[in-house]
Protein chains: 2
Amino acid sequence: MTEASGPEAGPATEPAAEPATELRVWAPDGLPEIVAGDDLVTLVVDVLRADAVGDPSRRLVDGDVVVLTSKVVSKAEGRQVAADDREQAITDETVRVVATREHPGGVTRIVENRLGLVMAAAGVDASNTPDGTVLLLPLDPDASARALRAGLRAAFGVQVGVVVSDTAGRPWRQGVADLAIGAAGLQVLEDLRGQVDTFGRALTMTVAAVADEIASAAELVKGKATGRPLAVVRGVGRHVTAEDGPGARSLVRVGPDDMFRQGSAEAYAQGWKDALESEPGR
Amino acid sequence: MTEASGPEAGPATEPAAEPATELRVWAPDGLPEIVAGDDLVTLVVDVLRADAVGDPSRRLVDGDVVVLTSKVVSKAEGRQVAADDREQAITDETVRVVATREHPGGVTRIVENRLGLVMAAAGVDASNTPDGTVLLLPLDPDASARALRAGLRAAFGVQVGVVVSDTAGRPWRQGVADLAIGAAGLQVLEDLRGQVDTFGRALTMTVAAVADEIASAAELVKGKATGRPLAVVRGVGRHVTAEDGPGARSLVRVGPDDMFRQGSAEAYAQGWKDALESEPGR
């Protein structure tokens, strides 16, 4: 394998001082509590500018990726609704119910939402919002990412990537992890097909979900309970693109390729029902 | 919320020069191609020692986390088998078939393997191995992590965490991401239950899969096609523990809590079959 064709070959935009073998991730302080109507792009620019005054090495450069928690995007968009309307809000956000689970407090619905994301409660969130309210996911996180990217370019003259992140559970794994629900200027999937390993054999795990891994890395410094919904990831410049690109929507896999379109119990019950109905004379 | 009780409060072992709001991840070069019987711990120690000569800031300190790709652990354990035996090897590693999918090249089995991991082909890997062979997952990745941790403590006198990582697909998402299949000295799940957000409300997404997020962050600098299966993550010292802890096995969620115990098609077919058999007189 030649280094030039390998995934380590950075684009010309990557600063020489930041080799692709090293990553630096930081979470600037100072973003105020966001409310509906806030100009989020300006607020983020202000925070990043102030942060770089305190530490000049944090000045944004080409190839950096800015990660923003979706919650603050939702708040700026006024996506808060009254908690009394939570179940209706989940229904409104739902394209398709994947699975349901009863528990002492009610029923959790795992659904595919209008963004194509499969999430508990459709991604509707009841934490980090004022009492009596819940928060819906942003209207169009890819568009929000593009807008922030344009604002950062205008303010700092840099070509960065942007990720809007959210938190989700995963089948078969305990705990939640962050993933990308919006993206701009970023190769969200790194296609390694055609590349070979050190033995010259084709790689089998061929498409890496780079944007999700960046969201997870950022989460390690942002934290869930704190007021730091913003992080910068430096060292992934080889994934930053000139175009805004297809965004995080291209990370969604639903439809015919989805082998887990229904929860096991739901699919089993459907099979049972259909079998009985297949012979109406019974 | 007081800062002292928040997740940002680092243990005393964390170096003051590395605030928890900043993460640094690097992938040292120089680990040789691993073959069966190699003393992997000594080889990793040698690589880390040489790397710190080139860059003293990379000298391991308390609170660092060392991430090692499972592939090199498997190789040191001699877990290569002849490619002709691949299907049998997958069967041997399988506890339970979750789903199967036919494709032009044959049938992919997604199974729960003996480590509790749900993976395509049980995690048996056909890349980055010599021609004619495939590689099984390590026998006991948590034990491998503990051994490496002990070796690093002996060599450098530091208390670090260790993650053994592997790559897996995810339902509903395109692309693969790295996760932790072995761990030692690390709080693999950060339990935020009882913590409150900035509004004083209990956090709803309450358990973060820290070890998986660390594995994903490390993957961004290791890369898949290259000979850099080793990374160091600095800045997550608040998750490094004095005890080896329960390991990555505790990240596994199978059994009654698993709502995706079977693929939708498999569960549907089972329901259909059981319905017809429920009335043997048909």
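Structure report, in brief. This is a predicted model, so every value here is computed, not measured.

Cut-offs used in this document
Residues numbered from 1 in each chain as written. Chains lettered and ligands numbered in written order. Predicted model: local features only at pLDDT ≥ 70, side-chain atom pairs only at ≥ 80, totals over all residues. Heavy atoms only, no water. Core = buried A, V, L, I, M, F, W, Y, C linked by side-chain atoms within 4.5 Å. Buried < 20%, exposed > 50% of the residue type's maximum accessible area, 1.4 Å probe, protein only. Contact = heavy atoms within 4.5 Å. Phe/Tyr/Trp six-rings, centres within 6.5 Å; stacked < 30°, edge-to-face > 60°. Helix = DSSP H or I, 4+ residues; strand = E, 2+ residues; numbered from the N terminus. Lys NZ or Arg CZ within 6 Å of the ring centre and 35° of its normal. Pairing = 2+ DSSP bridges. Axes fitted to C-alpha atoms, helices over the stretch in contact; angles between N-to-C directions. Salt bridge = Lys/Arg side-chain N within 4 Å of Asp/Glu carboxyl O.

### Considering the nonpolar core
Move 1: A:Val65, A:Ile214, A:Val233, B:Val65, B:Ile214 and B:Val233 are the most contacted members of the largest nonpolar core, which has 52 residues in total.
Move 2: Discounting residues that sit within four places of it in the chain, B:Val65 has contacts with B:Gly161, B:Val162, B:Val163, B:Leu186, B:Ile214, B:Ala231, B:Val232, B:Val233, B:Val236 and B:Val240.

### A look at the packing of aromatic side chains
Move 1: Scanning all chains against the criterion turns up 4 aromatic pairs over all chains.
Move 2: Geometrically, the ring pair formed by A:Trp172 and A:Phe260 is edge-to-face, given 5.0 Å between the ring centres and 80° between the ring planes. Taken together, the residues A:Trp172 in the loop between strand S8 (161-170) and strand S9 (173-184) and A:Phe260 in the loop between strand S12 (230-234) and helix H6 (264-277) connect sequence positions 88 residues apart.
Move 3: Look at A:Phe260 and you get buried, because its relative accessible area is 4%.
Move 4: Note on B:Tyr268 and B:Trp272: the rings are 6.3 Å apart at their centroids and 40° apart in plane angle, and the pair reads as tilted. In this pair, B:Tyr268 and B:Trp272 both sit in helix H6 (residues 264-277), 4 residues apart, roughly one turn of the helix.
Move 5: The exposure class of B:Tyr268 is partly exposed, given its relative accessible area of 27%.
Move 6: The ring of A:Trp26 has A:Arg24 lying over it, and the distance from NZ or CZ to the ring centre is 4.6 Å.

### So, the sheet that holds strand S5 (residues 106-113) of chain B
All names here are of chain B.
Move 1: The strand order across the open sheet built from 3 strands is S4-S5-S6, with neighbouring strands paired in antiparallel fashion. Because the sheet does not close on itself, it has two edges, and the strands there are strand S4 (94-103) and strand S6 (118-120). Along the sheet, successive strands turn relative to each other by an average axial angle of 20°, direction set aside.
Move 2: Bridge count for S4 against S5 is 8 bridges, and the pairing is antiparallel. Note on S5: the bridge partner recorded for Arg96 is Glu112.

### Focus on the pattern of salt bridges
All names here are of chain A.
Move 1: In this structure the tally under the stated criterion is 42 salt bridges over all chains.
Move 2: A salt bridge links Glu277 to Lys273, with the shortest nitrogen-to-oxygen separation between them at 3.5 Å. One end of the pair, Glu277, and the other, Lys273, are both in helix H6, 4 residues apart, so they sit about a helical turn from each other.
Move 3: With relative accessibility at 49%, the residue Glu277 sits in the partly exposed group.

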